[in-house]
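# Architecture and fold: a report
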Amino acid sequence: MNIGFIGAGHMGSAMIEGLLNAKTVVPENLFVKGGSSGTAEVLQKKLGFQLIKEYDAFKECNIIFIATGANLVLEILKEAAPFISEETILISVATGHTVEDAQAVLGSNIHVVHAIPNTPVSVNAGMIGAVFAKEMPDAVKAEAMHVLESLGKVEEVSESLLGTFGTVAGCSPAFVDIFMEALADGAVLEGMPRNLSYEVVAQMMLGSAKLAIKTKKHPGELKDGVTSPGGSTIKGVTALEKNGFRYAVIDAIKQANS
Ligand SMILES: NC(=O)c1ccc[n+]([C@@H]2O[C@H](COP(=O)([O-])OP(=O)(O)OC[C@H]3O[C@@H](n4cnc5c(N)ncnc54)[C@H](OP(=O)(O)O)[C@@H]3O)[C@@H](O)[C@H]2O)c1
């Protein structure tokens, strides 16, 4: 399979790393066109993919991802359109446009997917929301799914939900990073070495997420299982509530989604 990329910034590079990790594509069959800052060139030295300057190589690609800033997507697709064939699947991971917007530029016969990933795709543990063009044949959809699923879990959603999906799945890793840093700061305050604190916190987050996914238990039930009467955990929960923890998190999603 040949895969093309337009844009190798934060999200593009995370996806490229994930696709290579999963061996969904080998470096010789991965064609990447970067912008003007040299970011793609630096990444190419590390990962060994085919760095391209023109769109010609896209004629041979089964799937092309576009991962540029939202304001550039439709303009770039207009430039690339002559090199995108009817057999190609175009997957845009950029915000700010719809499947129909992309098809208006490329032609309604082009298979378009609008997918919003998050940075854990680089370690194949992403959460991806995807909207498929209405008329997409099942076999084409299955091919797109196969590639996206090599990067993590994929949920098909409506275009109207994709923005909120992107906020929750795409922005929250930063909120979780802050939470992890704060937990580790707390551990350091109590005398635990810094590096050990980060390791403990990250493994705890991974384990808590796995437990929630595997048991499908309500988060409140999982929390109740840790809080013994009069114990230390409920004291910590009370401190979080006193400091408006839930409201802070809900408001973060609301502000990020506005
Ligand atoms: N970051 C996330 O967690 C995340 C999550 C979900 C969706 N997204 C979406 O993904 C898109 C990219 O986000 P990002 O965070 O990766 O931004 P970014 O780091 O700024 O990356 C955008 C890349 O596009 C490149 N580019 C600009 N013009 C180009 C052109 N004509 N041809 C090829 N490449 C070009 C830029 O290259 P130069 O800098 O070299 O010019 C840059 O590396 C955005 O639309 C964003 O909304 C991001």
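Rules behind the numbers
Each residue is numbered by its place in its chain's sequence as written, counting from 1. Confidence filtering applies because this is a predicted model: local features only for residues at pLDDT of at least 70, side-chain atom pairs given and counted only at 80 or more, and all residues used for totals across whole chains, interfaces and linings. To get the side-chain values, take all heavy atoms of the structure and skip hydrogens and water. UniProt positions are given in the numbering used here, feature names are shortened, and annotations may be inferred rather than shown by experiment. The nearness test applies per residue and asks whether one of its heavy atoms lies within 4 Å of the molecule or strand. Two N or O atoms count as a polar contact when they lie within 3.5 Å, although within protein this holds only if one can serve as hydrogen donor and the other as acceptor, and sequence-adjacent residues are included solely when both atoms are side-chain atoms. Only the protein chains shown count as cover for residues, and all accessible areas are computed by the Shrake-Rupley method using a 1.4 Å probe. Gly falls in the polar group here, along with every residue not listed as nonpolar (Ala, Val, Leu, Ile, Met, Phe, Trp, Tyr, Cys, Pro) or charged (Asp, Glu, Lys, Arg). Here, patches come from residues exposed beyond 30% relative accessible area and free of salt bridges, joined within 9 Å for like charges and within 5 Å for nonpolar side chains (Val, Leu, Ile, Met, Phe, Trp, Tyr). Between Lys or Arg on one side and Asp or Glu on the other, a salt bridge is scored when a side-chain nitrogen of the former is within 4 Å of a carboxyl oxygen of the latter. Secondary structure counts use DSSP, requiring at least four H or I residues in a row for a helix and at least two E residues in a row for a strand, with both numbered from the N terminus. Think of it in three bands: with a 1.4 Å probe and only protein chains considered, a residue is buried below 20% of the maximum accessible area for its type, exposed above 50%, and partly exposed in between. For this analysis, a nonpolar core means a set of buried residues of the types Ala, Val, Leu, Ile, Met, Phe, Trp, Tyr and Cys, connected via side-chain atoms within 4.5 Å. We call two residues contacting when some pair of their heavy atoms lies within 4.5 Å.

- The name an unreviewed UniProt entry assigns to the protein is Pyrroline-5-carboxylate reductase, from the organism Enterococcus silesiacus.
- Per its UniProt entry, the protein bears the Pathway (unreviewed entry) comment "Amino-acid biosynthesis; L-proline biosynthesis; L-proline from L-glutamate 5-semialdehyde: step 1/1."
- The Sequence similarities (unreviewed entry) field of the UniProt record for the protein holds the comment "Belongs to the pyrroline-5-carboxylate reductase family."

### Brief notes about the site of the ligand
- The environment of the ligand is formed by 25 residues, the closest being His-10, Met-11, Ser-37, Thr-68 and Thr-95.
- In this structure, an oxygen atom belonging to the ligand sits 3.1 Å away from a main-chain N or O atom of Ser-36.
- Between Thr-68 and the ligand, the recorded distance is 2.9 Å, taken from a backbone N or O atom to an oxygen atom.
- Here the ligand loses 74% of its free accessible area of 890 Å² to cover by the protein chains.
- Tallied by class, residues from the shell around the ligand come to 11 nonpolar, 13 polar and 1 charged.

### Here's the deal with a nonpolar patch on the surface
- Together, Phe-179, Leu-183, Met-204, Leu-240, Phe-245 and Val-249 line one region of the surface with nonpolar side chains, adding up to about 440 Å² of accessible area.
- Mapped onto the secondary structure, Met-204 falls in helix α7 (residues 194-215).
- A relative accessible area of 36% means that Met-204 is categorised as partly exposed.

### Quick notes on the nonpolar core
- Within the largest apolar cluster, 64 residues are counted, with the highest numbers of intra-cluster contacts made by Ile-16, Phe-65 and Val-113.
- Tallying contributions element by element places helix α1 (residues 10-21) first for this core, with 6 residues.
- Excluding residues within four positions of it along the chain, Ile-16 makes contact with Phe-5, Ala-8, Leu-30, Val-32, Leu-43, Leu-47 and Phe-49.

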